[in-house]
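Here is what each chain is made of, one letter per residue.
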Amino acid sequence: MIRSIVVICALAVAAAAQTQPVPGQGLAEGLFQLHEMDMHLHAGMERPVDMKTWIDLAVKDGRKVFVLLDHIELYRRSQADYDAWREKSKFFALYPLGAAGHRALMTDFDNVARRGDVIVFKGWEVSERELDSGLEDAPLRMADVLGFHISPNNGGTPPNGRTLIRRVRQLLEAQKKYPVPMILFHPFPMRMENLQRTAQKQGRDAKTITASEYRFFQPGEQEELIRLLKGQSIYVEMNWDTEAYWKIQACRDALIADIKPLADAGVQFTVGSDSHYLAHMRKPFRPASWCEPAGVTALNTNTVVRELLAIRAKRSFEGK
Ligand SMILES: [Zn+2]
Ligand SMILES: [Zn+2]
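Remember, it's a predicted structure, so these values are computed and weren't measured experimentally.

(A) Local environment of the pairing of strand E6 (residues 234-239). Most of E6 is tucked away: six of the six residues are buried. Side chains Ile234, Val236 and Met238 of E6 all project onto a buried face; the interleaved residues Tyr235, Glu237 and Asn239 project onto the opposite face, where all are buried too. Two elements, strand E5 (residues 182-185) and E6, share three bridges in a ladder whose sense is parallel. Bridged to Ile183 within E6 is Tyr235. Summarising the sheet, E6 and strand E7 (residues 269-272) pair through four bridges and their orientation is parallel. Bridging from a neighbouring strand, Val236 pairs with Phe269 of E7.

(B) The pairing of strand E4 (residues 145-149), seen in detail. Counting buried residues in E4 gives five out of five residues, a clear majority hidden from the surface. Neither face of E4 is open: one carries Val145, Gly147 and His149, the other Leu146 and Phe148, and all of them are buried. Pairing between strand E3 (residues 119-127) and E4: five bridges, direction parallel. Across the sheet, the residue bridging to Gly123 is Val145, located in E4. The pairing of E4 with E5 spans four bridges and is classified as parallel.

(C) Region of interest: the nonpolar core. In this structure, Val67, Leu68, Phe148 and Val267 are the most contacted members of the largest nonpolar core, which totals 70 residues. Per-element tally for this core: the top contributor is helix H12 (residues 249-264), with six residues. Filtering out sequence-adjacent residues up to four positions away, Leu68 remains in contact with Leu41, Ala43, Phe109, Val112, Val120, Lys122 and Gly123.

(D) Structural view of the packing of helix H7 (residues 161-174) against helix H10 (residues 221-229). Direction vectors running N to C along H7 and H10 enclose 15 degrees, while the axes themselves pass 10 Å from each other. By the angle between their directions, the pair H7 and H10 is classed as roughly parallel. Handedness of the H7/H10 crossing: left-handed. Contacts between H7 and H10 pair Gly161, Leu164, Ile165 and Val168 from the former with Glu221, Glu224, Leu225, Leu228 and Leu229 from the latter. Considering only residue class, the contact of H7 with H10 consists of six nonpolar, one polar and two charged.

What counts and how
- Residues numbered from 1 in each chain as written.
- Chains lettered and ligands numbered in written order.
- Predicted model: local features only at pLDDT ≥ 70, side-chain atom pairs only at ≥ 80, totals over all residues.
- Buried ≥ 20, exposed ≤ 12 C-beta atoms within 10 Å, placed from the backbone.
- Helix = DSSP H or I, 4+ residues; strand = E, 2+ residues; numbered from the N terminus.
- Pairing = 2+ DSSP bridges.
- Core = buried A, V, L, I, M, F, W, Y, C linked by C-beta atoms within 7 Å.
- Contact = placed C-beta atoms within 7 Å.
- Axes fitted to C-alpha atoms, helices over the stretch in contact; angles between N-to-C directions.
- Parallel < 35°, antiparallel > 145°, perpendicular 65-115°, else oblique.
- Left-handed = near helix turned anticlockwise from the far one by under 90°.
- Nonpolar A, V, L, I, M, F, W, Y, C, P; charged D, E, K, R; others polar.

Rendered as structure tokens:
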């Protein structure tokens, strides 16, 4: 009896969460494929080559739609710190610090958009901690889209369902001031990174970490997240980091259990390479193998592109 009640309850949650197909998504011509979208490409201070070479590599790989961005905190350092870091890491890119750097970066992104073979949206990657400490107003207002770096918090508590729910509430609040689509970057692989590093530090074989330890959500948290995100312009990222964890059975089981119910219930995802280095950029970005089994389809991930295009179209005649 109890068992059948549990089954009925589970079915009820699934039925309630199931979304209707959205009209206007029936034509392949109207959708970008997963590998054609890179909604998290670093193209600022850490860029190892000139911008044209960098974007050419991504275009050659088949990518067409981009969120180009940089870590916002990099522009806050002292000149001496920046010079030493840039020299040591052999970065090609050179930007001024502070406000002049923000402007120079966004101008570079505008110039990429003029290539004609790419669709470019401008963004920032902002540390999730700035949602607690305060957001830097002027640069944020230059962006079409804002991504928030969910930290692995190595050495501390790994990110989990509570973290994500708290951050979503903060993003909903922040969107009152910054009305742009927002993305929660790479929550799931960051938990996996933390757990594996912790195991290593404790002398435990990381292969013994179970799927239930890897699980991001506790019972009830997915339903809460689904409720919070319903109809909102907040997206969750499927990051290329996921690919490495996908090869591990326990990680794969946890990823599917964590992500698929969200996607099936209409939570909207983005795909991003998070490429920083040439080695990244020379590898083919093929997200389908670790997105589709988790329910993250081209259909699902096109929503953010459509929203950004609509905002751009509306802005294009504002003030005219
Ligand atoms: Zn990040
Ligand atoms: Zn990043």
